[in-house]
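# Reading the structure
Spelled out from the first residue to the last, the chains are:
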Amino acid sequence: MKGTVALVTGASSGIGEATALLFAERGAAVALAARRADRLDALAAKIRDTGGTALVIEADVADEEQARAAVARTVDELGRLDTLVNNAGVMLLGPVDGAPVEEWRRMVHVNLLGLLYCAHAALPHLISAAESGPRRVADMVNVSSVAGRVARVGTGVYNATKFGVGAFSEALRQEVTGRHVRISLVEPGATDTELRTHNRPEIQEQLAARFGNIERLQSADIADAILYVVTRPRHVAVNEMLVRPTEQVG
Ligand SMILES: NC(=O)c1ccc[n+]([C@@H]2O[C@H](COP(=O)([O-])OP(=O)(O)OC[C@H]3O[C@@H](n4cnc5c(N)ncnc54)[C@H](OP(=O)(O)O)[C@@H]3O)[C@@H](O)[C@H]2O)c1
């Protein structure tokens, strides 16, 4: 990935943090976007300590202006944009009946609108990277979920956002693939991150019961999948990758 520039949203923890680290190890200059600037600063310091290039961008992707500014700063300060990893997300589960509607709004605003704003702002830069960059191909990886493929009782609105990400990704793929911009969908199963800890206590208990003692994926496992997707030769597009822990049944 030497000579390329990547923007990773949701880089302050979990899958986004692991992906940004791995990209930097492989020589990409990385822009790190999320709301918790202290976490991004710590990650940037780690990347710079090993000779890498990192740009910290404090941004709430649910705010259209901040999402656009994140893309613009990446291009202004790092010179180009070859890879966008649309990873920022929240998962607030529970039954529809009696649900706090504010949780739905947060998921729609971050998982769907935030991803759409970043995709829209990044696309012209990805097209230009594919036309004139050294690799002559560019990548947008949209992080969905098993929940983007399988709907379940108690996860309806999270399902709706991730199914939406899948539908959008496939439509956009068809629109730009002829221009060598690859739109890929990565769908993790249960991964050991802080994502589930933002749920109400009773929901966390239900999640713990559902997954039992299975060995969850680590963020680095998904980072590895994302790296695989973006390092294929120019003529190879990995459109979709579903990665579950071996013991996860559904
Ligand atoms: N963990 C799993 O089991 C699993 C399974 C399937 C799919 N996924 C997906 O993987 C992605 C990453 O999740 P994770 O598991 O790595 O969880 P995580 O550790 O909680 O990471 C979520 C990231 O999103 C960022 N984020 C949340 N709201 C944001 C906002 N408004 N603006 C900018 N950034 C925001 C968070 O940063 P700040 O709070 O600092 O803003 C954080 O960096 C999500 O899209 C999630 O749906 C996870």
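Summarised in this report is the structure supplied together with it. In this text the structure is predicted, and so the values were computed from the model without any measurement.

Turning our attention to the sheet that holds strand β6 (residues 181-188). Strands sit in the order β3-β2-β1-β4-β5-β6-β7 across an open sheet of seven strands; the sheet is parallel. Each edge of the sheet is formed by a strand with only one pairing partner; in this case those strands are β3 (54-58) and β7 (240-243). The mean angle between the axes of side-by-side strands here comes to 15°, regardless of whether they run parallel or antiparallel. Here strand β2 (residues 29-34) pairs with β3 via five bridges, running parallel. Bridge assignment links L32 to a residue of β3, and that residue is V56. The sheet contacts of helix α3 (residues 64-78) involve β1 (5-9), β2 and β3, and relative to β3 the element is tilted by about 155°. Lying over the sheet, helix α7 (residues 219-230) contacts β4 (83-86), β5 (138-143), β6 and β7, oriented at roughly 160° with respect to β6.

Turning our attention to the nonpolar core. Counting residues in hydrophobic clusters, the biggest one holds 47 residues, and the most contacted among them are L7, I57, L81, L123, L126, M140 and V181. Sorting elements by how many residues they give to this core places helix α4 (residues 101-132) first, with 12 residues. Not counting chain neighbours up to four residues away, the residues in contact with L7 comprise A31, A33, A70, V71, T74, L81, T83, L84 and V85. One finds A11, A34, L43 and V56 within the second-largest nonpolar core, a separate group that totals 35 residues.

Cut-offs used in this document
- Residues numbered from 1 in each chain as written.
- Predicted model: local features only at pLDDT ≥ 70, side-chain atom pairs only at ≥ 80, totals over all residues.
- Heavy atoms only, no water.
- Pairing = 2+ DSSP bridges.
- Helix = DSSP H or I, 4+ residues; strand = E, 2+ residues; numbered from the N terminus.
- Axes fitted to C-alpha atoms, helices over the stretch in contact; angles between N-to-C directions.
- Contact = heavy atoms within 4.5 Å.
- Core = buried A, V, L, I, M, F, W, Y, C linked by side-chain atoms within 4.5 Å.
- Buried < 20%, exposed > 50% of the residue type's maximum accessible area, 1.4 Å probe, protein only.

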